[in-house]
Amino acid sequence: MRLLVIEDNRNLVANLFAYFEARGHVLDAAPDGITGLHLALTQPYDALILDWMLPRMDGPEVLRKLRNEGQVDMPVIMLTARDELPDKLEGFRAGADDYLTKPFDLPELEIRLESLQARVQGRARSRVLEVEDLRLDLSTLEASRGGKPVHLFPAGRKLLEVLMRASPTVVSREQLELALWGDEPPDGDMLRSHIYELRREVDGPFAVKLIQTLPRVGYRLARVAAQDDR
């Protein structure tokens, strides 16, 4: 793997280089958040090892910019001494794939990186989601049903992706709101409005309905006979 390490602890960086290079991996390092963000946006890496507390820009902010502005989806493991649940949640919401608290064992970090890499390779092989005759291509962001295009706004596309990945499992309202707005959902029931628009596009012209509402629970995507949807 080609790895990027964004970490300001020189001793830790030296240990990472010694361990991973001895096993055939290639590493680059940055001592602060801004330099690391530049490397992550301009160079190809298989994974990022990201410290939380960094000079010039902290780890979560680097990650948010990487995910939201740079649209970079490489695996990221955050390293930090913070081990409280709120800190872990903040890291994951910023876009981390995994979270390792200091001190840690280097073999554990290596196996976590290998697991993330295998997961990414699996996702790359299946970039098209399909449920019944509904299809969503994650590479082109095009959706279709029965071979006919389904026109979606970004919010609807995100909801559809979450529902299709979980199908036929129920997805709670809280999970859908988190996918759309993180931990700051807007006032009012905007989720209901987005689900309405999604149902109109996905189910409206078709006899067989796919989007099910489970009152006070959430939504799921699965085949429903036309008469049961009324």
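What counts and what doesn't
Residues numbered from 1 in each chain as written. Predicted model: local features only at pLDDT ≥ 70, side-chain atom pairs only at ≥ 80, totals over all residues. Heavy atoms only, no water. Pairing = 2+ DSSP bridges. Helix = DSSP H or I, 4+ residues; strand = E, 2+ residues; numbered from the N terminus. Axes fitted to C-alpha atoms, helices over the stretch in contact; angles between N-to-C directions. Contact = heavy atoms within 4.5 Å. Parallel < 35°, antiparallel > 145°, perpendicular 65-115°, else oblique. Nonpolar A, V, L, I, M, F, W, Y, C, P; charged D, E, K, R; others polar. Core = buried A, V, L, I, M, F, W, Y, C linked by side-chain atoms within 4.5 Å. Buried < 20%, exposed > 50% of the residue type's maximum accessible area, 1.4 Å probe, protein only.

Our focus in this paragraph is the sheet that holds strand β1 (residues 2-6). Strand order in this open sheet of 5 strands is β2-β1-β3-β4-β5, and the pairing throughout is parallel. Only two strands of the sheet have a single partner each, and these edge strands are β2 (26-30) and β5 (98-101). In this sheet, adjacent strand axes meet at a mean angle of 20° when their direction is disregarded. For β1 and β2, the ladder comprises 5 bridges, and the chain directions are parallel. For Leu 4, the partnering residue across the bridge sits in β2 and is Asp 28. Here helix α2 (residues 33-42) sits on the sheet and contacts β1 and β2; the angle it forms with β1, its principal contact strand, is near 160°.

This part takes up the packing of helix α6 (residues 154-166) against helix α8 (residues 190-202). The contact between α6 and α8 brings their axes to 9 Å, and the two run at 80°. It follows from the interaxial angle that α6 and α8 lie roughly perpendicular. Judged by residue contacts, Ala 155, Gly 156, Leu 159, Leu 160 and Leu 163 of α6 engage Leu 191, His 194, Ile 195, Leu 198 and Val 202 from α8. Tallied by class, residues from the contact of α6 with α8 come to 8 nonpolar, 2 polar and no charged.

This next bit is on the sheet that holds strand β8 (residues 142-145). Within a sheet, neighbouring strands are paired by backbone hydrogen bonds and run either parallel or antiparallel to one another. The strand order across the open sheet formed by 4 strands is β6-β7-β8-β9, and the pairing between neighbours is antiparallel. Edge strands, defined here as strands with exactly one partner in the open sheet, are β6 (128-131) and β9 (148-150). The mean angle between the axes of side-by-side strands here comes to 25°, regardless of whether they run parallel or antiparallel. Inspection of the sheet shows β6 paired to strand β7 (residues 134-137) by 4 bridges, in the antiparallel sense.

Ranked by internal contacts, the top residues of the largest apolar core, which has 22 residues, are Leu 160, Met 164, Leu 198 and Leu 221. Counting 20 residues, the second largest nonpolar core, distinct from the first, contains Leu 37, Tyr 45, Leu 50 and Tyr 99.

The next thing to look at is the side chain of Arg 145. As for its placement among the helices and strands, Arg 145 is situated in strand β8. Those residues in contact with Arg 145 that lie beyond four places of it in its chain are Asp 133, Leu 134, Val 150, Val 202, Asp 203, Phe 206, Val 208 and Leu 210.

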